[in-house]
Structure formats: structure tokens, C-alpha cells
Amino acid sequence: MGSAPLNRAPKVSVFLCFFHCFCFCLLTSKARVLAQSSPVFACNVVSNPSLASFGFCNTSLGINDRVVDLVKRLTLQEKISFLVNSAGSVSRLGIPRYEWWSEALHGVSYVGPGTHFSNVVPGATSFPQVILTAASFNASLFEAIGKVVSTEARAMYNVGLAGLTFWSPNINIFRDPRWGRGQETPGEDPLLSSKYGSGYVRGLQQRDDGDQNRLKVAACCKHYTAYDLDNWKGTDRYHFNAVVTKQDMDDTFQPPFKSCVLDGNVASVMCSYNQVNGKPTCADPDLLSGVIRGQWKLNGYIVSDCDSVDVFYNSQHYTKTPEEAAAKAILAGLDLNCGSFLGQHTEAAVKAGLVNESAIDKAVSNNFATLMRLGFFDGDPSKQLYGKLGPKDVCTQENQDLAREAARQGIVLLKNTPGSLPLSPTTIKNLAVIGPNANVTKTMIGNYEGTPCKYTTPLQGLTASVATTYQAGCSNVACATAQVDDAKKVAASADAVVLVMGADQSIEAESRDRVDLLLPGQQQLLITQVANVSKGPVILVIMSGGGMDISFAKTNDKITSILWVGYPGEAGGAAIADVIFGYYNPSGRLPMTWYPQSYVDKVPMTNMNMRPDPSSGYPGRTYRFYTGETVYSFGDGLSYSKFEHKLVQAPKLVPVQLEEDHTCRSSNCTSINAVEQTCQNLAFDVHLKIKNIGKIRGGHTVFLFSTPPSVHNSPQKHLVDFEKVSLDAQTQSLVRFKVDVCKHLGVTDEFGNRKVALGEHVLHVGSLRHSFTVRI
């Protein structure tokens, strides 16, 4: 979840979950009966003038003063009712019930009890699943999508259909290709995940009046941390202890969360189900109070994944009593429990002296401060900044166009034999469209979905341009028997063939990791047989969240083109057709490595190590450390144009100023600590000329990679920065990167400390290489 909807919690919570779901259904039906007309808010001084005398309702006071005033008016029981997602009401203070749990991973979602669709707002814009949006490598797009989602969320809040607190985005690193939730993430690279997370959060949270202390809606970065296994060969997320080195923690798993808080100023972080090095993340004071609130200075609240306090008591047996579990979570820095555990056991924990009421004050204060920043305590929302938004602002044509554009920008062209793509809509008289994903709707939007405005399936998208003949070939993605003969018949008589294959939520999903990387069911057989009888171009389209071992197709000359389309959202079919017919020049790049099947045969999913271990034959993970063969690599992707890179400016030498008595002046150091006094003004510019030497306009991602000297088990290369440019045919553009030596070129040592490696560094842009030396 925000993770698992509560009915998917571990067996120990079955009764609790049944109770939750029963209540939730009652609540939901009640909410629907009330016909969704008005938002929930506190301090309604119009209908109850006496509330105006309360300090917490006085909008001229600072948020901190208002929170202090509110907390001191509450009894212990009332405070405890504000520690859970279905927060209590205090009618004597004019505070209604509030449901914290809403989701907006790639559009306003119906997952979580805080949001509903009805005849007032029947659907919301459903953008591509995050992994495909990330493949656009377009930071401004990440923010633009967030902005649309928050506008639609506010519009739905105003008619009583949504909350103001959304438990998105998921910024976990896509460490292992089998992970069922990799689809929800921005991929395997910490820099891309950081830029995606902070960009999407800014889009969700930032207000149009520029008030930094106020929120449009509140985002939440999850699942903190080193969370990337759901259910694999008998190991599930509720019982998994992720054993992570300090080095991997600080240079792989933590950077996206750090960026989310520091660069995105996110209002919330969600702790995960798993343990990290023997401690449940939701009970770890170092991870919560120490890092999130202490080092990163979170301005907001920390929430548990759903039922995860219950999980560490009942499934992980981390404490002997439920009261101890409640106390441990609150003392670690948890402010809000998704679930009911803290509501049930906190009062007994206080009475037993396990936790002080002041710790509960601190937690509810963080929660109330967030609601105050959202305007929840400012009276009637219709009088506030976003008060005029309503159903007319959801599913606008402009928003739906952005969903199509996001899918187009993310689609990755992996193979293209000359003369294959783009297809000409005038010369193709009959297009065969084959495959279990060729005419799907819901599959295209992935998980944590909402009801979309409408769907365009791949078949509909293609049929809009040319005459098509459709044959599913497989009854579903995991088909045990394929209708090969029927498929071959339509393929043999067509001018070109599009095969839409891949996965869906039955193959990869929350609580469902894969055990192999092969196309499911009889898909490989179907593809190969169809390709054999085809006389024109054969285009293989893979719809999936994770990578697939499609080596057989990569090396088969009869399969002329391969596209990866993620789960492309409500307009996915239109976007696929736009690329196939050349109305749009593809520019997406893979945000994750595609491994061969042999990789998963020898690497257990439970091994968290990023770095290779030559002594055991362990090959490492992700493009930064993996030493083996790939099917396709991080950053791969073709275009219908060609782009040339030319280096205009970059240093040959980067001198580091050290104080006179620094030990590295007299001894031979391979690296120095990336500390403030060393890092100040330690930056340089890289300027590149990018030229589109093709015949048509196209987008192009300029990747700036760096290979550091090999000290401290440093990555073989890592992404320093990226920039998406759009160029007409035969035009060029200057791209400037500002490289901060400590931030962008720093490496993490074995103890988790940031270092600047001394010696020769190599910058890569496409096939360009530029060496420079960092020295004292």
C-alpha cells in the first residue's frame, strides 16, 4: 500500500481485517448514500459561531500556535483517536471525522477509503504507471502530472469524494526485476528516483500562490526503506529482514527519500513492513526520529504502512505485548498508524508507563500541523484558494491529452530494423493485431489505479489509422494453450503484424513477485510462429512493469521491431499507435536493466547486496554494479532520428582546496571526506552541443554518466544528471550541466560516509568520453 489494502494483511490480522473491511463497507455505503456533496472540514464558524473563540480556528495565528491550542483542549482518548487513519471526531470542538488514507500514484485512485467515484465524478485522469513515466526522463513532466493530479484531487475533495492526504509516490529502488511492485517505482537509479519523487511531490503539493508553508494536497514518500520484496518463494514482506550494508543503504536505498524530504519538502514519509537489519522500520528510532526528522528535518508526519505496527507485533513478534509495540512505534517517531492498532493499545501503554502523554502530543501535533497547512482548520473550503474547483476540472481534455503525451514520451523503442517502423498508414492496407494485451483496458493502468476518464485500447488506437484484423491468440497472458493456427492465418495475409504481449497484475503485482523473467504462458511460441509466416514488418509490443528476457525476439530477424510500453495508462492505445505510425518520434529510455533468465536462476531475491562479490560469483545489481550480460541495459532506447553529441566545455583538472593542516596534504589519500568546508564552491560546468541529424523532429535524453576512480567499491558508472531536449530535424541545442563535485561525483565508503575520490574520473555522454582529474 500506502500498501496493502487492509484485507491483504497477514493471516494473524484476519479477524482485524474482516472487522476493518466490514466497517469500511458500512462507511463507504454511508458515504455514498450521503451523495457526496460537501467536503469535510473543521472550524465551521458559519454554522457554529462559538468556534470562532478557539485559537486553533484563528487563521491569523501561526500554525504552531494553533496546534498547541488545539492539543491542550483534547483528552488523552481524543488524542489517541487522531493516531489512526480513520481519525476520530470531536463535536464539542467542531472537528469532524477525517480519513487520512487516499492514494494518487498516477492519478486519483479508488484504493483506500478516503476517495470514491460516483455519478458526480465518475472517473479521474489515469496517467501511465510510474515506471513508464520515469522512462520519459523528463523532470518537468513528473511535476506537470503531479499538478494535474492534485487539481483533480482538490476538485473531488470539494464535492466530498476525496481527502487531502495522498499516500504517493512510491520511490523504492527497483532492485530486483522480479519485484511485483517495480511497476509503481521510477526504476533502479537513485538519481532518477530522486528527481521523480521530488518533482511529483512538488506538483502535488505546491500552491499557485507560492505560499511554501501551505499545501495544495499532502504527498507521502514510501515505503521507507530498503523495501522491495513482496512475496517470493515463501518469503513475504511481513516477515522479511532486509540485511543491508551501511554503504548500500546510503548510496542506493536512502537517496530518493532524502531528496523527497529535502528537495521536495514532502509532507509525509511512510515506513514499510519489512525489518532492516533486524528492526522493523516503523519501530526504529534511528531511521524515523534520527534520520527523517533529525537529519532531514521533515516538516510533516510519519505514517505506518497499513497494519505494519500490528505486523511487527503479531507476525514478527518484535515485542512481547501489544502495549510495548504501540509504545515502541510512537517513541521511534511514528505519528500516524494506518490501521487501528494504536487506537486499541496506546491508552494501556500510557497507563503502564511505557510511553508518556507528551510523546502522543508530539505525534498528533505533527498530524494536525499537516491538516492546518492544507486549510482543513480554516473553515469553508469554498472560500479558500482551490474552493471553486469541481467536477468540471476533472478529466478535462487538457488533462487527458497530458496522459497521452506522458505515455508517448515514455514508450521505449528497443529494436528497429531498417524499413520496419514507423509504419506508413497509407501503404498498410491490412494490419494484423494479435496478442492477449492487444485489446485490454484495465491492464493498461496497472495498480493503485482509479476509474479512468475513458480507455483507448491498443487495438482501438491502431484501428483509428488503418484497417485491422484482430486475433487474441491467447485467452490471457498466462495462456496454457495458444490459438496459434488462427493467429497465423490472420498474420499470413496481413501487410504488417503488431503483437501486443507481456504481463498484467496476475503476473506481477503487490503481494506477487515473479519467479522467472520469461514471457508467461505460451507467448513465446505464439510470437515465433506468427513471425515465421508474416511477410511484412513484425512489431512486438511488450506491456509490463518489469523487464523480460526476450532474447529470442531480439535475435530473431523476422521480428523487425520491439517496443516496451510499460502499463501506459488510459490513453495507452492511442500513444502506442502514435509511435507505430510515426505521428510521434519515440524518445523513452529504459529506467531499469533487463536481465537474462540465467540471472534470476543464480541470484536469490532476498540478497540485498548491490555490489558484486567475485568470490561467490554474485554478479551485483543494477547498471551501477552488475557485471554480467544484459538483454537490454538501463538507458537503452532508439529514435527515428539520430542525435550527435559534441563536448563544448569540461575541465581537465578539478583542484580541491584543503586547509593547511589537512592530513591528505602530507599523506597519500585516495579520497577525502565530502564535508562542508571542502565542498563549498567545488563545482564545474559541462556544456554539450546536441544535434538532431535525422529527418524528423524528436525528443532526446542527454545522459551525463560518471565513472569514478575505483576506491571504496565505487559504482562502475553512475548517472550524474540528465536533460530531455526536443529538436527539429537538422537543428542543434546547447545543454548545460552544473556538476557539484561532492553531490554528483561523491562516492559512499564502506561506513556510509560521503567521499570525493581523488584521481581520474571519466564523464560519458553517449559514445563521448572525457577524462578529468580531481586532486589536492
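Note that the structure is a prediction, hence the values are computed from the model and not measured.

**Thoughts on the overall build of the protein chain**
Then, in step 1: Within the protein chain, the regular secondary structure consists of 23 helices and 27 strands.
Then, in step 2: The C-alpha atoms of the protein chain give 27 Å as radius of gyration, which agrees with the globular expectation for 776 residues (28 Å, within 12%).
Then, in step 3: The proportion of buried residues among the 776 residues of the protein chain is 62%.
Then, in step 4: For the protein chain, the share of sequence-separated contacts (at least 6 apart) that also reach a separation of at least 24 residues comes to 78%.
Then, in step 5: Surface exposure of the protein chain reaches about 28000 Å², of which carbon and sulfur atoms provide 52%.

**Side note on the packing of aromatic side chains**
Each aromatic ring pair is described using two quantities: the centre-to-centre distance and the angle formed by the ring planes.
Then, in step 1: One pass over the full model with this rule turns up 33 aromatic pairs.
Then, in step 2: Ring geometry for Y623 and F705: centres 5.7 Å apart, planes at 70 degrees, overall edge-to-face. Residue Y623 is located in helix α21 (residues 622–625), and its partner F705 is located in strand β21 (residues 698–707); the two are separated by 82 residues in the primary sequence. Exposure class is identical for Y623 and F705. Each is buried.
Then, in step 3: Taken together, the aromatic side chains of F54, F56, F82, Y98, W100, Y301, F368, F376 and F377 make up a single cluster linked through ring pairs.
Then, in step 4: In this structure, K222 is placed above the aromatic ring of Y448, and the distance from its NZ or CZ to the ring centre is 4.9 Å.
Then, in step 5: Residue placement shows K717 over the ring face of F705; its charged tip is 3.9 Å from the ring centre.

**Brief notes about the UniProt feature "domain: Fibronectin type III-like" (unreviewed entry) in the protein chain**
Then, in step 1: As annotated by UniProt and renumbered to match this structure, "domain: Fibronectin type III-like" (unreviewed entry) occupies residues 700–769.
Then, in step 2: Within residues 700–769, the helical portion is 6% and the strand portion 60%, while the C-alpha atoms at the span's ends are 19 Å from each other.

**Observations concerning the side chain of Q409**
Then, in step 1: Mapped onto the elements of the fold, Q409 is located in helix α14 (residues 397–410).
Then, in step 2: Its relative accessible area of 9% is what places Q409 among the buried residues.

**Digging into the environment of M249**
Then, in step 1: By secondary structure assignment, the location of M249 is in helix α7 (residues 246–253).
Then, in step 2: M249 sits 502 residues away from F751 along the chain, and the two C-alpha atoms are 10.0 Å apart.

**What to know about the pattern of salt bridges**
Then, in step 1: Counted according to the given criterion, the structure contains 35 salt bridges.
Then, in step 2: For D335, the salt bridge identified is with R293, shortest N-O distance 2.8 Å. Of this pair, D335 sits in the loop between α11 (322–332) and α12 (341–351) while R293 is found in helix α9 (residues 286–295), placing the two residues 42 residues apart along the sequence.
Then, in step 3: When its relative accessible area of 3% is taken as the criterion, D335 is described as buried.
Then, in step 4: D578 serves as the salt-bridge partner of R408, at 3.2 Å between the closest nitrogen and oxygen. Note that R408 is positioned in helix α14 and D578 in helix α19 (residues 572–580), a separation of 170 residues in sequence. Each member of the pair R408 and D578 is classed as buried.
Then, in step 5: Shared partners join several salt bridges into a network, and the residues in it are R181, E184, D230, R237 and E510.

Conventions adopted
- Residues numbered from 1 in each chain as written.
- Predicted model: local features only at pLDDT ≥ 70, side-chain atom pairs only at ≥ 80, totals over all residues.
- Heavy atoms only, no water.
- Helix = DSSP H or I, 4+ residues; strand = E, 2+ residues; numbered from the N terminus.
- Rg over C-alpha atoms; globule rule 2.2 N^0.38 Å.
- Buried < 20%, exposed > 50% of the residue type's maximum accessible area, 1.4 Å probe, protein only.
- Contact = heavy atoms within 4.5 Å.
- Areas by Shrake-Rupley, 256 points an atom, 1.4 Å probe, with all protein chains shown as cover.
- Phe/Tyr/Trp six-rings, centres within 6.5 Å; stacked < 30°, edge-to-face > 60°.
- Lys NZ or Arg CZ within 6 Å of the ring centre and 35° of its normal.
- UniProt positions renumbered as here; feature names shortened; annotations may be inferred.
- Salt bridge = Lys/Arg side-chain N within 4 Å of Asp/Glu carboxyl O.

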